[in-house]
Amino acid sequence: MIIIVKGTSFYQNVVKTLPFYSLGLLEPQPDNVYDPFACAIKVNNELVGYLPRGWTNQKWGREIINVIKHKEGLVQLVKVGGFKLYNDQKPLYGLRLIL
């Protein structure tokens, strides 16, 4: 299963330095004021994005919880992108999480 990591545009300073493949850590954030089911994704203790809203409490919640409990929260990440949408824009990178 491939999941698009959300919010990577806010963490480009970290995401752009990652290798093509990297290990990420899923970290539930029950105190998140915007979404009590939020699950952050960190690499080397740096925030790089979030699981899409609702993934931890709906359709795939059990798989996500199994990763957190049984694999110590470690997941494989793949960096994508690096292209410009406009001539004056810096290249943007995204991440895909592999379950």
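Since the model is a prediction, treat every value here as computed from it, not as a measurement.

Before we move on, can you summarise the overall build of the protein with the specific residues and values?
When its secondary structure is counted, the protein shows two helices and six strands. Seen in sequence order, the protein has helices and strands lined up from the N terminus as β-α-β-β-β-α-β-β. Its C-alpha atoms give the protein principal-axis dimensions of about 40 × 25 × 25 Å. In the protein, buried positions account for 36% of the 99 residues. Restricting to contacts in the protein with at least 6 residues of sequence separation, those with at least 24 account for 54%. When the accessible surface of the protein is summed, it comes to about 6,600 Å², and 55% of that surface belongs to carbon and sulfur atoms.

For the pairing of strand β2 (residues 21-28), give the residues involved together with the corresponding values.
Pairing of β2 with strand β5 (residues 74-83) involves five bridges; the strand directions are antiparallel. Residue pairing for β5: Ser22 is matched across the bridge by Leu77. Pairing of β2 with strand β3 (residues 39-43) involves four bridges; the strand directions are antiparallel. Within β3, the position partnered with Glu27 by the bridge is Ala40.

Just give me the short version of the pattern of salt bridges, but keep the residues and values in it.
Per the stated rule, a full pass over the model turns up two salt bridges. We note a salt bridge from Glu27 to Lys42, for which the minimum N-O separation is 3.1 Å. With Glu27 in strand β2 and Lys42 in strand β3, the pair connects residues that are 15 residues apart, well separated along the chain. Given the relative accessible area of 27%, Glu27 is considered partly exposed. Classification of Lys42 as buried rests on a relative accessible area of 18%. Ionic pairing is found between Asp35 and Arg53, a salt bridge with its closest N-O pair at 4.0 Å. Of this pair, Asp35 sits in the loop between β2 and β3 while Arg53 sits in the loop between β4 (46-50) and α2 (61-70), placing them 18 residues apart in sequence. With a relative accessible area of 12%, Asp35 lands in the buried category. The exposure class assigned to Arg53 is exposed, which follows from its relative accessible area of 62%.

Could you give an account of the nonpolar core, with specific residues and numbers?
Formed by 18 residues in total, the largest nonpolar core has its most connected members in Leu26, Ile41, Val48, Leu51, Leu77, Leu95 and Leu97. Every element with two or more residues in this core is listed here: α1 (12-15), β3, α2, β5 and β6 (92-98). Ranked by residues supplied to this core, first place goes to β3 with three residues. Setting aside chain neighbours within four positions, we find Leu26 in contact with Cys39, Ala40, Ile41, Leu51, Ile64, Val67, Ile68, Gly73, Val75 and Leu97.

Procedures and definitions
Residues numbered from 1 in each chain as written. Predicted model: local features only at pLDDT ≥ 70, side-chain atom pairs only at ≥ 80, totals over all residues. Heavy atoms only, no water. Helix = DSSP H or I, 4+ residues; strand = E, 2+ residues; numbered from the N terminus. Buried < 20%, exposed > 50% of the residue type's maximum accessible area, 1.4 Å probe, protein only. Contact = heavy atoms within 4.5 Å. Areas by Shrake-Rupley, 256 points an atom, 1.4 Å probe, with all protein chains shown as cover. Pairing = 2+ DSSP bridges. Salt bridge = Lys/Arg side-chain N within 4 Å of Asp/Glu carboxyl O. Core = buried A, V, L, I, M, F, W, Y, C linked by side-chain atoms within 4.5 Å.

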